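# Notes for the structure review
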Amino acid sequence: MASIQLKQTAGRQPQAVGIQFKDESGKERKALLKDPKQSEVILSSGTIGSPQLLLLSGIGTKKELEKLNIPVVIDNPDVGNGMSDNPMNTVFMPTKEPVQQSLIQTVGITRNGVFIEASSGFGLTSDGFGRHHGIISAEVVAIGQLSTTRPKERSLEADEKYARDKRSLPREAFQGGFILQKIDVPRSKGHLSLVDSDVDNNPSVTFNYFSHPDDLQRCVSGIRSIEQIVRTKHFADLTVDDTYTMEKLINISVPANMNLMPNRTDDTASLEQFCKDSMLTIWHYHGGCHVGKVVDGEYRVLGVSGLRVVDSSAFHRSPGTNPQATVMMMGRYGRVSSKLRY
Ligand SMILES: Cc1cc2nc3c(=O)[nH]c(=O)nc-3n(C[C@H](O)[C@H](O)[C@H](O)COP(=O)(O)OP(=O)(O)OC[C@H]3O[C@@H](n4cnc5c(N)ncnc54)[C@H](O)[C@@H]3O)c2cc1C
């Protein structure tokens, strides 16, 4: 899909009457609603795709649209604003003996809003290293950590550095399990903007992780909570040797937390720096078409008739836990008019 077809009539709100899309051969086509007064266009292109499509359709900041020669339909500077992602950092725990395999589970939520989660058992099989530990595995990290670099810093050199680092992952870190901290409702916000008027070109997106001091402080407190867990006798008995201090675990964890940040210092002396250097995304990004700013409480695009956005771009806040069920329920039960309910 390339854009939403909007009909403009003097004295009336612009009306969504269909969509423009490219067919399999790349030919541009339109699909028009039979009866726009009785029907609607519902956009569910996700946190990146929905704000991108609104902008391409002329709904966004007037100045930015004019720069790209996109005819302005609605001047709304909030389209693409409030992009957010929940940063997480893991501390790896090598264990004496192989431990039972366990998928990620929430261990607890601290009073100041930090999820503490754990997973283990990925060193059990010979091919377990780098593969069988889900979100932290080298392969998954390879496809998914792009958001950890700012668009301007995404370069061939950054990719090559990533490939080099991946070859030298510390095997020791992956013999056991890990405990992670993840920020509930991050206060750091970013922005999405178009790079040009071609839908095939990804927009430029920043999440500005840890730009709000509260997020950084919560990360540090999350790592300290992990330290308290590590210091319990139960954990001391499990880890490779009793002298495994938190400092040693942090040292092991820094190179094991692979992201695409080009300017990592890998300084383990400060927990603030550890948080910044070892930050990973868990791919639960949201925002860009906030309720109250871009859509109303029933997900109708402000200032336009017959157009809704129903997906994760409408979220103001997210705890960072699995969002898919919520998104599916938005589609199923969201306040879409009763005519559209299944
Ligand atoms: C690697 C990874 C692992 C995840 N694991 C989990 C998990 O275990 N549990 C969980 O709950 N959540 C998980 N998530 C998060 C979850 O997938 C998202 O939060 C959720 O899918 C968001 O739903 P959405 O409808 O907003 O967007 P999406 O599911 O992203 O749907 C948007 C759709 O629109 C399409 N689209 C975009 N632009 C256009 C266009 N111009 N034309 C046509 N189509 C377009 C996209 O291709 C996509 O199919 C994971 C995400 C990732 C990336």
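Residues numbered from 1 in each chain as written. Predicted model: local features only at pLDDT ≥ 70, side-chain atom pairs only at ≥ 80, totals over all residues. Heavy atoms only, no water.

Looking at an unreviewed UniProt entry, one finds the protein named Glucose-methanol-choline oxidoreductase N-terminal domain-containing protein, with Ensete ventricosum as its source organism.

The next point concerns the overall build of the protein. The helix and strand tally for the protein stands at nine helices and 15 strands. Of all 342 residues assigned to the protein, the portion counted as buried reaches 46%. The long-range share in the protein, meaning contacts at least 24 apart out of those at least 6 apart in sequence, stands at 66%. Carbon and sulfur atoms make up 50% of the accessible area of the protein, which amounts to about 17,500 Å² in all. (Helix = DSSP H or I, 4+ residues; strand = E, 2+ residues; numbered from the N terminus. Buried < 20%, exposed > 50% of the residue type's maximum accessible area, 1.4 Å probe, protein only. Contact = heavy atoms within 4.5 Å. Areas by Shrake-Rupley, 256 points an atom, 1.4 Å probe, with all protein chains shown as cover.)

Next up on the list: the UniProt feature "domain: Glucose-methanol-choline oxidoreductase N-terminal" (unreviewed entry) in the protein. Per the UniProt entry, the sites bearing "domain: Glucose-methanol-choline oxidoreductase N-terminal" (unreviewed entry) are residues 46-60 in this numbering. Overall, residues 46-60 shows 73% helix and 13% strand. The separation of its end C-alpha atoms is 17 Å. (UniProt positions renumbered as here; feature names shortened; annotations may be inferred.)

Moving on, we get to the nonpolar core. Within soluble globular proteins, side chains that are nonpolar tend to cluster in buried spots. In terms of nonpolar packing, the biggest core is built from 56 residues, with Leu54, Ile59, Ile223, Ile226 and Leu307 touching the most fellow members. Ranked by residue count, the leading element in this core is helix α5 (residues 213-230), at six residues. Two domains each provide a minimum of three residues to this core, namely domain 1 (3-83 + 285-340) and domain 2 (87-185 + 209-281). With near-sequence residues (within four places) excluded, Leu54 lies in contact with Ile4, Leu43, Ile59, Val79, Cys289, Val294, Val301, Leu307 and Val309. Grouped together as the second largest cluster of nonpolar side chains are 14 residues, Leu169, Ala256, Met258 and Leu260 included. (Core = buried A, V, L, I, M, F, W, Y, C linked by side-chain atoms within 4.5 Å. Domains from an automatic or database assignment.)

Glancing now at the sheet that holds strand β2 (residues 15-22). A sheet is described by the order of its strands in space; here three strands give the open sequence β1-β2-β3, paired in antiparallel fashion. The outermost strands of the open sheet, each flanked by one partner alone, are β1 (3-7) and β3 (28-32). Across this sheet, the average inter-strand angle for adjacent strands is 35°, counted without regard to direction. As judged from the five bridges shared by β2 and β3, these two strands associate in the antiparallel manner. Opposite Lys22, over in β3, you have Glu28 as the bridge partner. (Pairing = 2+ DSSP bridges. Axes fitted to C-alpha atoms, helices over the stretch in contact; angles between N-to-C directions.)

This part is about the site of the ligand. Lining the immediate surroundings of the ligand are 15 residues, of which Met1, Ser312, Asn322, Pro323 and Gln324 lie closest. One of the backbone N or O atoms of Met1 is found 3.0 Å from a nitrogen atom in the ligand. In this structure, Gln324 approaches the ligand through a main-chain N or O atom, which is 2.8 Å from an oxygen atom. Relative to its unbound accessible area of 1,000 Å², the ligand is 55% covered by the protein chains. Going through the elements one at a time, α1 (46-56) and α9 (324-333) are the ones with two or more residues in the shell around the ligand. Broken down by element, the residue count for the shell around the ligand peaks at three residues, all from α1. Looking at the shell around the ligand residue by residue, the class counts come to six nonpolar, eight polar and one charged. (Near = heavy atom within 4 Å. Polar contact = N/O pair within 3.5 Å; in protein donor to acceptor, adjacent residues only side chain to side chain. Nonpolar A, V, L, I, M, F, W, Y, C, P; charged D, E, K, R; others polar.)

Taken as a whole, this structure holds one disulfide when the rule is applied. A disulfide bridge connects Cys219 with Cys275, and the sulfur atoms are separated by 2.1 Å. Note on the Cys219 and Cys275 pair: the S-S dihedral is about -95°, so by sign convention the disulfide is left-handed. Pair noted here: Cys219 is in helix α5 and Cys275 is in helix α8 (residues 271-277), with a separation of 56 residues, a long-range link. Using a relative accessible area of 0% as the deciding quantity, one classes Cys275 as buried. (Disulfide = S-S within 2.5 Å.)

With that out of the way, let us pick up the confidence of the model for the protein. With 87% of its residues at a pLDDT of 70 or more, the protein has an overall mean of 86. Counting interchain partners and residues more than four positions distant, the pLDDT-below-50 stretch residues 130-134 has 14 contacts. (pLDDT = per-residue confidence, 0-100.)

The next thing to look at is the sheet that holds strand β12 (residues 190-193). Read across the open sheet, the three strands follow the order β7-β12-β13; overall the sheet is antiparallel. With one partner strand each, in any of the chains shown, β7 (81-83) and β13 (204-206) form the two edges of the open sheet. Mean inter-strand twist for the sheet, computed between neighbouring axes without regard to direction, equals 35°. Sheet contacts for α1: β7, β12 and β13; angle to β12, the most-contacted strand, approximately 50°.

Turning to the side chain of Arg308, a few remarks are in order. Here Arg308 shows up in strand β15 (residues 307-309). Of note is the side chain of Arg308, whose polar atom sits 2.9 Å from the backbone oxygen of Glu298.

Ring pairs (aromatic) are described by centroid distance and by the angle formed between their planes. Within the structure shown, the criterion is met by three aromatic pairs. Ring centres of Phe92 and Phe178 lie 5.7 Å apart, and the angle between their planes is 55°; this geometry places the pair in the tilted category. In this pair, Phe92 sits in strand β8 (residues 87-94) while Phe178 sits in strand β11 (residues 176-183), placing the two residues 86 residues apart along the sequence. Of the two residues, Phe92 and Phe178, both sit in the buried class. Of the aromatic side chains, those joined through ring pairs into one cluster are Phe207, Tyr209 and Tyr285. Sitting above the plane of the Phe115 ring, Lys182 keeps its charged end 5.6 Å from the centroid. (Phe/Tyr/Trp six-rings, centres within 6.5 Å; stacked < 30°, edge-to-face > 60°. Lys NZ or Arg CZ within 6 Å of the ring centre and 35° of its normal.)

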